[in-house]
Amino acid sequence: MAGLKPSEVPPTTAVKFLGAGTAACFADLLTFPLDTAKVRLQIQGEKQATQAAQRPQYRGVLGTILTMVRTEGPRSLYSGLVAGLQRQMSFASIRIGLYDSAKQLYTPKGCDYSSITTRILAGCTTGAMAVCCAQPTDVVKVRFQAGIYLGAASNRKYSGTMDAYRTIAREEGFRGLWKGTFPNITRNSIVNCAEMVTYDIIKEKLLDYRLLTDNFPCHFISAFGAGFCATVVASPVDVVKTRYMNSPPGRYRSPLDCMLKMVAREGPMAFYKGFTPSFLRLGTWNVVMFVTYEQLKRALMKVQMLRESSF
């Protein structure tokens, strides 16, 4: 590696793993209010007769955020942040940090180019692996973000993040922490494929045709395209996942039952509730995450090269 710049040295798996988790946490800090607004809009159509009169009606992204600030205070926008950061540190590290390793695993030996099928398989694999490891953090995050929808009479009153883990395990069993795993695996496999494959291909084409160099504009355009594609294909599964994970025991028999009841009560457009905040959040999140991730990889490789050269 002597004589090479950090940007020219392929980052190690450890660098990608750490860089992805750190970049995702930074992106979450900036976009968490949009994610909370998305959750509130997605669960707004759920019917709970005892609480219907008490619920504020949310209209649009800005309206949701302003209503939350007015009725619950500014801190409500970051309710569940600790669980969200725990989720990203474990979740993004696996699904993004190990994507290239999975892609190499599926690429035939002697082949220098990864096909679309190979990239999709890599995205599905790391997306599913990440959910299996990080599902409890996602359940707790959604419960906190749902906030007022739990209602005054609800037993779900958590004093903190760790108390939430303990309470869910005690009241709903160990399986409660993995509630909604199947729709979440489906959703995140789709999101991971849309994000990683789209980012991979757009960036590759921009560099191959020499339209841009490997710098901020290239990363920005690739990340924006990835965020849009991910939102379009994943919104229906995301709404079902949010509704199912936030539901009290007994409301839905399964994710499929949740989906069918949504269609019967609210129509097919219910699958795209919260689409605007989803896109604003996912688009912004992707831009911040991928730009930060690319810079972190270079910075971490520079540190590693400096350490190696000092010995």
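For clarity, every value in this text was computed on a predicted model and none was experimentally measured. (Residues numbered from 1 in each chain as written. Predicted model: local features only at pLDDT ≥ 70, side-chain atom pairs only at ≥ 80, totals over all residues. Heavy atoms only, no water.)

A. Representation of empty space enclosed by the protein in the model. According to the stated counting rule, one finds three cavities of 30 Å³ or more in the structure shown. Put simply, the largest cavity is a space of about 150 Å³. Lining the largest cavity are 20 residues, and of these Arg87, Gln88, Arg187, Asn188 and Arg281 lie nearest its centre. Put simply, the parts of the chain that give the lining of the largest cavity at least two residues each are α1 (13–42), α3 (81–95), α5 (116–146), α7 (181–208), α8 (216–246) and α10 (275–310). Grouping the constituent residues of the lining of the largest cavity by class yields six nonpolar, four polar and ten charged. Its volume calculated, the second largest cavity comes out at about 80 Å³. Asp35, Lys38, Arg187, Ala230, Thr231, Ala234, Ser235, Asp238, Ser278, Arg281 and Leu282 together form the lining of the second largest cavity. Listing elements by their share of the lining of the second largest cavity, those giving two or more residues are α1, α8 and α10. (1 Å grid on protein atoms, 1.4 Å probe; cavity = no way out; pocket = protein on both sides within 12 Å on 5 of 7 lines; lining within 4 Å. Points joined across faces, edges and corners; volume = space filled by probe spheres on them. Helix = DSSP H or I, 4+ residues; strand = E, 2+ residues; numbered from the N terminus. Nonpolar A, V, L, I, M, F, W, Y, C, P; charged D, E, K, R; others polar.)

B. Here's a closer look at the side chain of Asn188. Structurally, the position occupied by Asn188 is in helix α7. On the accessibility criterion, Asn188 (1% relative accessible area) is buried. Within the local environment of Asn188, its side chain forms a polar contact with the side chain of Asn184, the two groups lying 2.8 Å apart. Among all residues touching Asn188, those that are not within four sequence positions of it are Arg87, Phe91, Gly127 and Val131. (Buried < 20%, exposed > 50% of the residue type's maximum accessible area, 1.4 Å probe, protein only. Polar contact = N/O pair within 3.5 Å; in protein donor to acceptor, adjacent residues only side chain to side chain. Contact = heavy atoms within 4.5 Å.)

C. Expanded view of the packing of α7 against α8. Look at α7 against α8: their axes get within 8 Å of each other, and the N-to-C directions meet at 170 degrees. Considered as vectors, α7 and α8 are oriented roughly antiparallel to each other. A breakdown of the residues in the contact of α7 with α8 according to their chemical character gives 18 nonpolar, six polar and five charged. (Axes fitted to C-alpha atoms, helices over the stretch in contact; angles between N-to-C directions. Parallel < 35°, antiparallel > 145°, perpendicular 65-115°, else oblique.)

D. Molecular detail of the layout of surface pockets. Reported here for the largest pocket is a volume of approximately 710 Å³. Considering the residues around the largest pocket, the lining is formed by 30 residues, among which Asp100, Lys103, Asp200, Lys203 and Lys297 are closest to the centre. Top contributing element to the lining of the largest pocket by residue count: α7, with seven residues. Of the residues belonging to the lining of the largest pocket, the class tally is 13 nonpolar, four polar and 13 charged.

E. Just the pattern of salt bridges, in detail. One pass over the full model with this rule turns up 24 salt bridges. The closest approach of N and O atoms between Asp28 and Arg281, which form a salt bridge, is 2.7 Å. Of this pair, Asp28 sits in helix α1 while Arg281 sits in helix α10, placing them 253 residues apart in sequence. Residue Asp28 shares its accessibility class with Arg281, and that shared class is buried. Among the ionic pairs, Asp35 bridges to Arg281, the shortest N-O distance being 3.9 Å. Residue Asp35 is found in helix α1, and its partner Arg281 is found in helix α10; the two are separated by 246 residues along the sequence. Across this residue pair, the class does not change: Asp35 and Arg281 are buried. (Salt bridge = Lys/Arg side-chain N within 4 Å of Asp/Glu carboxyl O.)

F. Up close: the packing of α5 against α8. α8 packs onto α5 with a crossing angle of 80 degrees between their chain directions and a minimal axis gap of 9 Å. Between α5 and α8, the crossing angle belongs to the class labelled roughly perpendicular. Where α5 abuts α8, its residues Gln135, Asp138, Val139, Val142, Arg143 and Ala146 lie against Lys241, Thr242, Met245 and Asn246. Partitioned by chemical class, the residues of the contact of α5 with α8 number four nonpolar, three polar and three charged.

G. Just α7, in detail. Across its 28 residues, α7 extends 39 Å between first and last C-alpha, which sits within 8% of the 40 Å expected from 1.5 Å per residue. Count one or two residues on from α7 and you reach Arg210, which has phi positive near 55 degrees. (Expected span 1.5 Å × (residues − 1).)

In short, the description is geometric, and any link to function would need to be established separately.
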